[in-house]
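A look at the structure
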Amino acid sequence: MTSPAPIPAPHIPPRPPKASQKPAHKRPRFRLFGGFIRTLFLFVIVAVIGGGVAGYGLYRKLESDLPDYRWLADYQPQQMSRIYAGDSRLMAELAAERRVFVPIEAIPRRLQQAFISAEDQNFERHQGVDPIALLRAVVTNVEQYGSGRRMVGASTITQQVAKNMLVGSDRTMLRKAREALLAIRLESALPKARILEIYLNEIFLGAQAYGVAAAAQAYFNKSLDELSVSEMAFLAALPKAPNNYNPLRYPEQARIRRDWVIERMQDDRVITAAEATSARAEPITARLNRRPDTVAVGGHFNEEVRRDLVARFGQEQTQGGGLVVRTSLDPNLQAATEVALRTGLMAYDRRRGGWRGPLGKSAFAPTEWLPALDALPRTPGILNEWRQAVVLEIHERDARLGWIERANPRAAPEPRTGNVYLEDLAWARPALPAQAGQPPRLGNPPRRMTDVLSAGDVVMVEVEPARAAQGRAGPRAERLGLRQIPEVEGAVVALDPNTGRVLAMSGGWSYERSQFNRATQAMRQPGSSFKPYVYITALEQGIPPNQRFLDGGIEVATPQGIWRPGNYGGGVSGGYVTMRSALERSLNLVTVRIAQEVGMDRVAETAARFGVIDNMPRYLAMSLGSGETTVLRQAAGYASFVNGGRRVEPTVIDSVQDQRGRVIWRSHVRACADCSGGPEGGPPTIAEGRPQIADPIAAYQMVNLLQGVVQRGTGARAATGLNRPVAGKTGTTDDYKDNWFVGFTPDIVIAVWVGYDDPRSLGQGETGGSNAAPIFRDVLAAALQGSPAVPFRAPPGVALVRIQADNGQTILEAFRPGTENSATTPTEMGAGAAARVDSGLGGLY
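Residues numbered from 1 in each chain as written. Predicted model: local features only at pLDDT ≥ 70, side-chain atom pairs only at ≥ 80, totals over all residues. Heavy atoms only, no water.

1. Here's the deal with the overall build of the protein
Stated precisely, the cut-off is as follows: Labels follow the DSSP assignment, with helices taken as runs of H or I lasting at least four residues and strands as runs of E lasting at least two, numbered in each case from the N terminus. Only heavy atoms enter the contact rule, under which two residues are in contact if any of them lie within 4.5 Å. For the accessible areas, the method is Shrake-Rupley and the probe is 1.4 Å, while residue cover comes only from the protein chains on display.
A count of helices and strands for the protein gives 21 helices and 27 strands. When contacts within the protein are restricted to residue pairs at least 6 apart in sequence, those whose partners lie at least 24 apart make up 70%. Counting only carbon and sulfur atoms, one obtains 53% of the accessible surface of the protein, whose full area is about 41,500 Å².

2. A closer look at the packing of aromatic side chains
What counts is decided by this rule: Centres within 6.5 Å are what make two rings of Phe, Tyr or Trp a pair, Trp counting through its six-membered ring; a difference in plane orientation under 30 degrees is then read as stacked, over 60 as edge-to-face, and the rest as tilted. Burial status follows relative accessibility: with a 1.4 Å probe on protein chains alone, a residue under 20% of its type maximum counts as buried, one over 50% as exposed, and anything between as partly exposed.
For the structure shown, the criterion picks out 18 aromatic pairs. A ring pair is formed by Y638 and F744, whose centres lie 6.4 Å apart and whose planes are at 65 degrees; its orientation type is edge-to-face. On the criterion of sequence distance, the pair formed by Y638 in helix α19 (residues 631-642) and F744 in strand β23 (residues 738-745) is long-range, its members being 106 residues apart. Judged by its relative accessible area of 0%, Y638 falls in the buried class.

3. Some points on the sheet that holds β23
Rules: When DSSP finds at least two bridges between two strands, those strands are taken to pair. Only C-alpha atoms enter the line fits that serve as axes; for helices the fit covers just the stretch in contact. Angles between N-to-C directions range over 0 to 180 degrees.
In spatial order, the strands read β15-β14-β24-β23-β22; together these five strands make up an open sheet with antiparallel pairing. At either margin of the open sheet sits one strand with a lone partner, and together these are β15 (502-506) and β22 (727-732). Ignoring which end each strand starts from, the neighbouring axes of this sheet average 5 degrees apart. One ladder, built from six bridges, connects β22 with β23; its direction is antiparallel. From the neighbouring strand, G731 faces β23, where its bridge partner is W740.

4. Examining helix α13 (residues 331-353)
Using the following cut-off: Here the expected span of a helix is defined as 1.5 Å times the quantity of residues minus one. A 3.5 Å cut-off defines polar contacts: any pair of N or O atoms within that distance qualifies, except that in protein one atom must be a possible hydrogen donor and the other a possible acceptor, and neighbouring residues in sequence count only when both atoms are side-chain atoms.
Across its 23 residues, α13 extends 31 Å between first and last C-alpha, which sits within 8% of the 33 Å expected from 1.5 Å per residue. Capping the start of α13 is the job of one residue whose side-chain oxygen sits 3.1 Å from the backbone nitrogen of N332: D330. Positive phi appears at G354, one or two residues downstream of α13, with a value of about 75 degrees.

5. With respect to the confidence of the model for the protein
Selection criterion: Per-residue confidence from the predictor is reported as pLDDT, a score between 0 and 100.
Mean pLDDT over the protein works out to 85, with 84% of the residues at or above the 70 mark. This model gives residues 827-834 a pLDDT under 50, and the stretch forms 14 contacts once residues within four places in sequence are excluded. Note that pLDDT drops below 50 for residues 836-845; the model gives that stretch 27 contacts with residues more than four away or on any other chain.

6. Points about the pattern of salt bridges
To be explicit about the condition: For salt bridges, the criterion is a side-chain nitrogen of Lys or Arg within 4 Å of an Asp or Glu carboxyl oxygen.
Per the counting criterion, the structure on display carries 50 salt bridges. With its nearest N and O atoms 2.8 Å apart, the salt bridge here joins E303 to R306. One end of the pair, E303, and the other, R306, are both in helix α11 (residues 299-313), three residues apart, so they sit about a helical turn from each other. With a relative accessible area of 18%, E303 lands in the buried category. In this structure R306 comes out as partly exposed when scored by relative accessible area, which is 23%. Residues D806 and R548 are paired through a salt bridge, measuring 3.2 Å at the closest nitrogen-oxygen approach. Within this pair, whereas D806 is found in the loop between β25 (799-804) and β26 (810-815), its partner R548 is found in strand β16 (residues 548-550), the two being separated by 258 residues in sequence. By relative accessible area, which is 35% here, D806 ends up partly exposed. Under the relative-accessibility criterion, R548 is labelled partly exposed at 28%.

7. Describing the side chain of S586
Position of S586 among the secondary structure elements: in the loop between α16 (579-584) and α17 (588-598). Since its relative accessible area comes to 9%, S586 is described here as buried. Among the polar contacts made by the side chain of S586, one reaches the side chain of S528 at a distance of 3.2 Å. Each residue touching S586, except ones within four places of it in the same chain, is listed here: S528, K531, T714 and K729.

8. A look at the sheet that holds strand β2 (residues 90-94)
Read from one edge to the other, the open sheet built from five strands follows the order β2-β1-β5-β20-β21, with strand pairing classed as mixed. Every other strand in the sheet has two partners, leaving β2 and β21 (663-666) as the edge strands with one partner each. Going from strand to strand, the sheet's axes swing by 15 degrees on average, the running direction of each strand aside. The sheet contact formed by strand β1 (residues 81-84) and strand β5 (residues 324-327) spans three bridges and is parallel.

9. What to know about unusual backbone geometry
Despite not being glycine, N221 has its phi angle at roughly 55 degrees, a positive value. Within the element layout of this structure, N221 appears in the loop between α7 (212-220) and α8 (229-237). Here the phi dihedral of D735 falls at roughly 60 degrees; this positive angle occurs in a residue that is not glycine. Along the polypeptide, D735 turns up in the loop between β22 and β23. Since its relative accessible area comes to 33%, D735 is described here as partly exposed.

10. Focus: the side chain of K729
Quick note on the threshold: Only four residue types enter the charge count, namely Lys and Arg as positive and Asp and Glu as negative; His and the chain termini do not.
In this structure, K729 sits in strand β22. Buried and unpaired, K729 has E584 as its nearest opposite-charge partner, separated by 11 Å. Engagement of the side chain of K729 in a polar contact is seen with the side chain of S586, the distance being 3.0 Å.

11. So, the nonpolar core
What counts, and what does not: Residue types Ala, Val, Leu, Ile, Met, Phe, Trp, Tyr and Cys, when buried and joined through side-chain atoms within 4.5 Å, form a set referred to as a nonpolar core.
Counting residues in each nonpolar core, the largest one holds 85 residues, and the members touching the most others are V493, Y535, M616, F641, M702, L706 and F744. Apart from the residues lying within four places of it in its own chain, the contact partners of M616 are F530, M600, V603, A604, A607 and M622. Residues A213, A214, A254 and A276 belong to the second largest nonpolar core, which totals 54 residues.

12. A few points about the packing of helix α15 (residues 531-540) against α19
Rule in force here: What sets the label is the angle itself: under 35 degrees gives roughly parallel, over 145 gives roughly antiparallel, 65 to 115 gives roughly perpendicular, and the rest give oblique. Whether a crossing is left-handed or right-handed is set by the direction in which the near helix is turned from the far one by less than a right angle, anticlockwise for left-handed and clockwise for right-handed. Gly is placed with the polar residues, together with every amino acid not listed as nonpolar (Ala, Val, Leu, Ile, Met, Phe, Trp, Tyr, Cys and Pro) or charged (Asp, Glu, Lys and Arg).
Look at α15 against α19: their axes get within 11 Å of each other, and the N-to-C directions meet at 30 degrees. When the axes of α15 and α19 are compared, the pair comes out roughly parallel. Considering the relative orientation of α15 and α19, their crossing is left-handed. Each of P532, Y533 and I536 in α15 lies in contact with α19, whose residues at this interface are Q634, G637, Y638 and F641. Here the residues of the contact of α15 with α19 are counted per class, giving five nonpolar, two polar and no charged.

13. Topic: the packing of α15 against α17
Axis separation between α15 and α17 bottoms out at 9 Å; the angle between their running directions is 45 degrees. With respect to α17, the axis of α15 lies oblique. Our pair here, α15 against α17, has a crossing hand that is left-handed. Contact residues: α15 offers K531, V534, Y535, T537 and A538, while α17 offers N588, V590, T591, I594, A595 and V598.

14. A look at the pairing of strand β12 (residues 457-463)
Counting buried residues along β12, five of its seven residues qualify, which places the element largely inside the surrounding structure. Inspection of the sheet shows strand β6 (residues 360-361) paired to β12 by two bridges, in the antiparallel sense. In the sheet register, G360 faces β12, and the bridge partner there is V458. Bridge count between strand β7 (residues 386-394) and β12: five bridges; the pairing is antiparallel. Paired with Q388 across the two strands is M460, which belongs to β12.

15. Things to note about a nonpolar patch on the surface
Applicable threshold: Exposure above 30% relative accessible area and the lack of any salt bridge qualify a residue for a patch; like charges then connect within 9 Å, and the nonpolar side chains Val, Leu, Ile, Met, Phe, Trp and Tyr within 5 Å.
Judged by side-chain polarity, F36, I37, L40, F43, V44 and V48 come together as a nonpolar surface patch covering roughly 590 Å² of accessible area. Of note, V48 is situated in helix α1 (residues 27-65).

16. Description of the pairing of β1
Side chains S81 and I83 of β1 all project onto a buried face; the interleaved residues R82 and Y84 project onto the opposite face, where all are buried too. Both β1 and β2 contribute to a ladder of four bridges, which runs antiparallel. What sits directly across from S81, in β2, is L94. Hairpin connection of β1 to β2: five residues between the antiparallel strands, including S88 at a positive phi of 75 degrees.

Here's what the structure looks like:
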C-alpha cells in the first residue's frame, strides 16, 4: 500500500513596509549610541565613587596630620613684659617680639570692625570658610590669568588664625586644604570673639609690632582708645603687606590702601559717610620706631629685676608672658645715686689713678676730621654729657679740640671746637707701672700741654659752660674739661629699713661698660663695717655699752702660725676703753677681745641671723670682717638695727600682674584679720610677719653707738652739712683693698663700697671714711631732700642715761634696764700687757 503524495504549502507574498517605519539597516547604529551613553554613565559613576574614596582618604590623611587646635582655647600670645618704677614710669620692656596683649573686650569695636571689613566681611556669618569669597577669588584669578599679577586669596580671619598658629605659611594646595579644615574645626570649638581676639593680638603689622596694641604704639604712639577712624583704617590695611604700606617709605600706597578700608567700613555701615570723608582727608602721620619714654637710669637695677623674674617665673614667661612688673625704684634717688657714685670714683681716680692716655690716635688731616671722628664707635661707659673729641692743635698752655654735636640721633653732625687748658690738668700726671696688687705710681704734674696731649689724639671731653674760655680760639670758644673713665669701681644700695624695698641700686660706673652688678654679685670683705654684728652680740648678752676692754696687743696661735692683729695705723693706747669709744675709733684689738668674750659661735650665729654671712667660719679674724658678703646684704643687715631688730629681706619687685591684670605675686603679704570690718571699729590691726632676729633694746643700743661713729668717730664725713640724725660705720680691709660705709637714718639705709674688680690696694691711707663716706653723704642728701627731720625711735623699756664719754663729752647712753651701773674694769691684765690665746688645732680663734 502506497502513501499519498505531500500537498505543497500555499505561497504568501511579503507585506510591503509602511512609510513610517525606519529602514532595517539603521537599527545597529541606534544600539552603538546607546552603548556609549551607558559607558559614559558607568564611567561617571566609577569616577564619582573613586573620587569619593580618594577624597575620603585624603580627608582621613589630612585629619590624621592636623595639629591639636584645642589648646587655642587657653592660648595666650607671646607679648612683652613691662617693668615700671615706683612712680609708675616705664623702665624697660622685656620681649623677643613687640606684642602687647589686649583682651577682646578692651579693643574698640570700630577697630575690630575695621579689620573685619578689610579682611573678612562675612566673618560673623561663615563657618570658617567663606564660599562666596572663594568663588569670587576664583573668578578674579581666572580673569587675571597671564597678567603677571599676584593671585587673589580668599582666606577668612579664621583661616589666617589657623595658618599663623597651626599649619604654617608654605604656599601649597595641601596646606590650603589643611587650613580650611582646621578653620572649620576652630569655628566649632571656639567662639567668634575668641578667634578675633587671637587674630588681633597675633597678626604682624610691620615696624616689629605684633598685634594691634603694639602697632598703635609703634606707628602713632597711642593707645587703642585714642586712635582715630583714619588710624584704625590704616592699621587694618597692613595685614596684606605691612612693608608695602609703610607710611614713611610708601606714603601714597599707604593712603590708597587706607582709603579702600575706609570705603569698606562705610559699605558695612561701621561709619557714616561724613566720618568716611573726614577720615580720608586726614593725613597719615606716623612716628615709626618711637618707643615709649623710659627711665634713663637704673641699668643694674633693671637687670636685677629681670634675673629675679627669671628665677620666679622662667625665661619664657618673663620675656613673653606680658607681665606688668611694679618695682620699688625711686628714679630721682637712682639718678642722684649714680651721680654720687661717679663723682666719688672720679675724685679717687684723679687723686690716685693719673692720666692713662688717649682713647686712640687718628691719622686724618685737621681739615678732614669730621667724617673720620663721626665714624668712630662710641666708647662703652662714656657719659651722656661727655663727647669724643680729636686734638686739632697743640700749643704751650692750651690745645684746640674738635667734636660733634647732633640736634637728634638722625640729624646731620655739627662740628664744634673748644679749648683744653694746662691749668686744669694738674691731676693728669702720667700713670707709671705699679707693683702687683698696688695702685699705679704717678709721675710729675704736666708742665706743658705736650706732656698730656698730642695732635691727632682722640680723647673724652666735657663742656664746662660755667667758665668762659679765652685765648687763641677767641672769647666765644668753649672751655673743655679732659675726662677719662676710672678703673676703680663701686656700688651703692639704698633701701627702706621697714619694708626692705630697694629704692636705688648702682652696680658700678656704667651698666653699658659692665653688666656685672657689684651690689649683688660681688663678694667682698666688709672689713670694719662688720664690727657692729660683734658688738650687738655682746649687747644681747647684757654687756653694757660703757663696759671697758683693754686696747692692748694680742697674739693668737693658729695652725698657720701666730696671728697678731693691730689697730689701724699700728697705734695702741695700752689702756682700757669703752665699747662705745672702741667702735667710734674702730679699734681692732678691742673688737677681737669682745669676740673672745662672747664667743665666735655666737658672732657667727648673729651674722647668719642678720643675713650677712651664712655659715661663717669660727675664726677670730672673722670678727674684723675678713669674711665675704655683698653690698645688698650689708644694707639689709644694718636695716635690722634701725627697725627694732626685725629681719629684712631686700626686694626690688613690689608686685607682678599677668596680662589680664591679675596679681600673681606680691613681695609683702601681711595678714589683717579685721580689715573687713567697717570704719566704726577703728583702724585695723596688721600683723607683723617679719621675724624678730635681735632684741629691740640691743638693736637700739647699736643705733646709739653707730650715731657716735658719725658724730665723733671715723664716719664724720658721712653727715657733713646734713643736720639730721645719722648712724653708720666705716670699713677698710687689709692693705686698703676695700672701702665701705654703711649707714642709715630712721627711714633709709645706704651701703657704699669702693674698690677694684681685681682686688688690689687703693693706696696708703685710702679708707672708707675718705672714699665711701662722701658718696654716702651725697646719696643721703638727695634722699632727705624735702623731708622733715625724724629722730631714731627708742623701744619701750630702754633706759637713757647721761654719762661722760672717754673724750670728756657728756652724752646720752642707752642701757638695758638694770645694767646702768654694771660696767666693770677688768684687772686680770695690766695696762699695756699683751694677751696670748692658744687656739689649739682647728679650735676657736
